[in-house]
Amino acid sequence: MSNIKLGVEVISAHGLFQRDKQNSCSPFVELKFDNQIFRTTTKPNDPNPVWHESFYFLVSDPSFLSTRTLEAHVFSYQDETDAKPFLGKVRVNGTSFVPRSEAAPFNYPLEKRSVFSRARGELGLRVFITDDPSITPSVSESPRAYIPSPRREHVSSLITDDADERRELKKPITRTFYNATPSVNQQQPATMNYGMHEMRAAAPMPPRVVQYNGPTPPLDFSVKETSPFLGGGQIIGGRVVRGTKRPASGAYDLVEEMRFLFVRVVKARDLPDRDLTGSLDPYVEVKIGNFKGVTRHLDKNSDPEWNQVFAFAKENLQSNVLEIVVKDKDLVLDDYVGTVRFDLHEVQSRVPPDSPLAPEWYRLENKRQEKKKRAEIMLAVWEGTQADEAFGDAVFSDSLTSSDSSDIISANLRSKVYHSPRLWYLRVRIIEAQDVIIVSDKSRLPEAFVRIQMGNQMLKTRVSQRTFHPTWDQEFMFVVAEPFEENLVLSVEDHSEPNRDEPVGKAVIPLAAIEKRTDDKKFRSRWFHLEDSISDAMDEDKAKKVKFATRIHVAAALEGGYHVFDESTYYSSDLRPTAKQLWKPPIGVLELGILDANGLHPVKTRDGKGVSDTYVVAKYGHKWVRSRTVINSLSPKYNEQYTWEVFDPATVLTICVFDNGHFGEGKNRDQTIGKVRIRLSTLQSGRVYTNAYPLLVLQPSGLKKRGELHLAVRFTCTSVSNMLMKYTKPLLPKMHYTQPLSVNLQEVLRVQALNIMVARLGRSEPPLRREVVEYMTDAKTHLFSMRRSKANFYRFTAVFSGVMSVWKWMGEVCSWRTPVTTALVHVLYTMLVMFPEMILPTVFLYMAVIGLWNYRFRPRFPPHMDTKLSYAESVNADELDEEYDRLRIVAGKIQSVVGDIAAQGERVQALLSWRDPRATAIFVTFCLIIAMVMYITPFKLFALLSGYYFMRHPRLRHRIPSAPLNFFRRLPAMTDSML
């Protein structure tokens, strides 16, 4: 039998409401968990009762602990009746249960039972789990004469620090909150007050949540809901419970406020010479405790200028003195120049939007702390948070290396915001050519073709028949990026022999000279003269001369009406067209708080220890963000917040964790640690989602959990009407339907767009390298994988399992296994035959009722990678081999088709599953309206109009998909949960 127990300490309540003649109440609390019910004592006529009573529930099955819910109902006792007036309730999810050592008292707002309930106030609870064998579960007694049981507690077997806490309780430690709760009759200290002010002023509870999965726990791949203390307050159930301390900056309310000591080293002047040559190679060391930051050294400069910023986390400071030491770089031993010291107690704080602190000149001191006459250094020292303007350019104490903090090293460690280039489709139509003459043999008829080159992309037409005036009339598509600095090169060549092509002439068309279009109207064509070389073709003077030469007829246009796919279509973060004039106003704002990571696995070895140097990259739309790199830490804290504009809810936010391999010894690839995808349509507007996501990676040895990433996400809708209208609009821009591109062509263009984006982002500082961009954009999801094939097959069978279940059920009905059910089916069938107009209203009403019933079981947080759905838990090495070859590409197309079919079926299931709460609400409302309309509309009239509409004339049809089809395509599928 399990020894795991759930401990609940009922502390107090505040501001309870009871509407009676005396305007008072006699409250008691009823606790419910795992089919067990306990009650506290009754506090007569006390709207602010204090109990301090402890109860202990036996956990029957610890493997389901995370799915259980603790309910605390507050009632008022009345002597003259058995009625229990309801005062409010509290629900604590099982994912929020923590060990006793981490549990702290908290005031939970009382929830209402219904819309008309007037419940208010707060209930103070301390909830924890324990495996202490000396504690036995509580025993419920008579409700009228209830006496709380002696103190007994419980925790899950995952907890390893419970014994340590019991040893610590023997020591006389004075705290605001006591982990060992006194009994009811024990006198409480006068200073102990569990009110809102004291609780919110206490040290914040760690956001990490312990989830139990059995006595011998396997790896936990589930998402865990947390309740961290952020800048705006504590997050409980998606709501922000604000404390007495207001955040310093409202723009950073989704992260924990981190205090930093900022030091800006600007420049120095009149430094004395130290070398025998009379020169000075100065640099600056910024030291505080065991942390040291070093600027770059400047050769032979007595008036150097560095302008570098260092940031030291206040929680890690080990000294109260800041030293800025100026030294002279030497081959053997660096020479000492001078020092400036600061007492940290005298450093001033700065909070934006205050103006930046102006740097000041400080005179250097020698080793005897005597002021020098001339040598000075300009510095600025202040305390701030991550909202400071210097945060993005600073070198942090948790990112400092033992080597020189050069520009290259510092740049690879800083946080950065990137904007991917705006991509266009270039449509080139090669029509014909005139007077194609071979200079070496003018009498021979050429077999001409055209080679089109756009940057690194090269295509060619088919070889024409032997003629001096060949015709091709072929279209080609390329991907180009702003700014348009490259040229389109056309080369006409003669296929004289099987392995030999002889050039005839070249034409160069600048991209800036090509017209842009946003619709499917015909674009104009032009004739271009062919020159012998590219340099001659780019000479404008030669192009203006009228002469007899070979010409080529070309039509080209930059397509602004398409969306250029640079990522997998399943996980697109942006669906807008290229042309800005076609963009619609944003429908909301997406905010992401990157809090921390826990339990990371070491990736490399440094100084004999396993370490990781991690950073986080997030992508949504054209905006990429990269957090700072935290070195030598397996539990890094980032606390960085970013914001995006949202134009479409059917998009995906992608967050990945990488290990930085581009500083220190050697230059290695950045290794992937894990990925998180969040589809915006699964987020409720205004709710703050704080979850710990497992970082999962497929390796040759199988599925591995590399740690957890703690995120805070909030989607704020600025216009509900515009967002709801989006569900009826086409998913892609109009050009994708009026002049569609083939699937194979879109895949080729996506690879071209990815290469352009890799090249552009790789030139940034710090660069986003190829392995990062490819992993973020899921560049290899189209390749064949046995694991994905199995997963898609099981998705396919799961979608159509409902049809098979109905067929089996009908077989049972026909076999009269349950006579009552068979009789009811006969009655229903008779009614539908006699009254056929009731069929459609009944179907729509049934779907509406099912949707309303499923509202109780709607997802509480966005879905994450499902290891069972992805068929990743029992995968072997052969199934994980996803390398390129021809067979895999062909089989990958089949795999994609099966996945698409499964996705369509999953979208049908999503209509009533509340995975997209807005879409399900729209569909349920639609079903109710249709049901009412069908009840009053004759069925024959409806059938007649439906048939006429289905067979309407082509002129009455639109090439743009209808609103129901657009709505269906926006529904989420289980593709988001695929690894």
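In the annotation of an unreviewed UniProt entry, the entry for the chain reads C2 domain-containing protein, and the organism field reads Brassica napus. A UniProt comment under Sequence similarities (unreviewed entry) is attached to the chain, and it reads "Belongs to the MCTP family."

Undergrad: Can you walk me through the side chain of E285 in this structure?
TA: By the secondary structure assignment, E285 is in strand β14 (residues 282-288). In contact with E285, other than residues within four places in its own chain, are K292, G293, V294, E323, I324, V325 and K327.

Undergrad: Looking at this structure, how should I read the sheet that holds strand β39 (residues 671-679)?
TA: Either a parallel or an antiparallel arrangement is found when strands of a sheet pair, and the pairing is made through backbone hydrogen bonds. Pairing is antiparallel across the open sheet formed by 5 strands, whose spatial order is β22-β36-β35-β38-β39. In this open sheet, the two edge strands, each paired with only one partner strand, are β22 (416-419) and β39. Strand-to-strand, the axes of this sheet are offset by a mean angle of 15°, without reference to chain direction. Of the strand pairs in this sheet, strand β35 (residues 614-620) and strand β38 (residues 652-659) are connected by 6 bridges, and their pairing is antiparallel. Residue pairing in the sheet places Y615 in a bridge with F658 of β38.

Undergrad: How should I be thinking about the pairing of β38 in this particular structure?
TA: In regular strands, side chains alternate between the two faces of the sheet. Of all 8 residues that make up β38, 8 are buried, and the element is covered over most of its length. Of the two faces of β38, the one carrying V652, T654, C656 and F658 and the one carrying L653, I655, V657 and D659 are both buried. The pairing of β38 with β39 spans 8 bridges and is antiparallel. If you follow D659 over to β39, its bridge partner there is Q671.

Undergrad: Looking at this structure, how should I read the sheet that holds strand β12 (residues 239-241)?
TA: One open sheet holds the 3 strands; their spatial order is β10-β11-β12, and the pairing between them is antiparallel. Strands at the two margins of the open sheet, each flanked by one partner only, are β10 (229-230) and β12.

Undergrad: Help me understand the UniProt feature "transmembrane region" (unreviewed entry) in the chain in this model?
TA: The positions that UniProt labels "transmembrane region" (unreviewed entry) are, in the present scheme, residues 823-853 and 921-950. The span residues 823-853 is 87% helical and 0% strand by assignment, and the distance between its end C-alpha atoms comes to 26 Å.

What counts, and where the lines are drawn
- Residues numbered from 1 in each chain as written.
- Predicted model: local features only at pLDDT ≥ 70, side-chain atom pairs only at ≥ 80, totals over all residues.
- Heavy atoms only, no water.
- UniProt positions renumbered as here; feature names shortened; annotations may be inferred.
- Helix = DSSP H or I, 4+ residues; strand = E, 2+ residues; numbered from the N terminus.
- Contact = heavy atoms within 4.5 Å.
- Pairing = 2+ DSSP bridges.
- Axes fitted to C-alpha atoms, helices over the stretch in contact; angles between N-to-C directions.
- Buried < 20%, exposed > 50% of the residue type's maximum accessible area, 1.4 Å probe, protein only.

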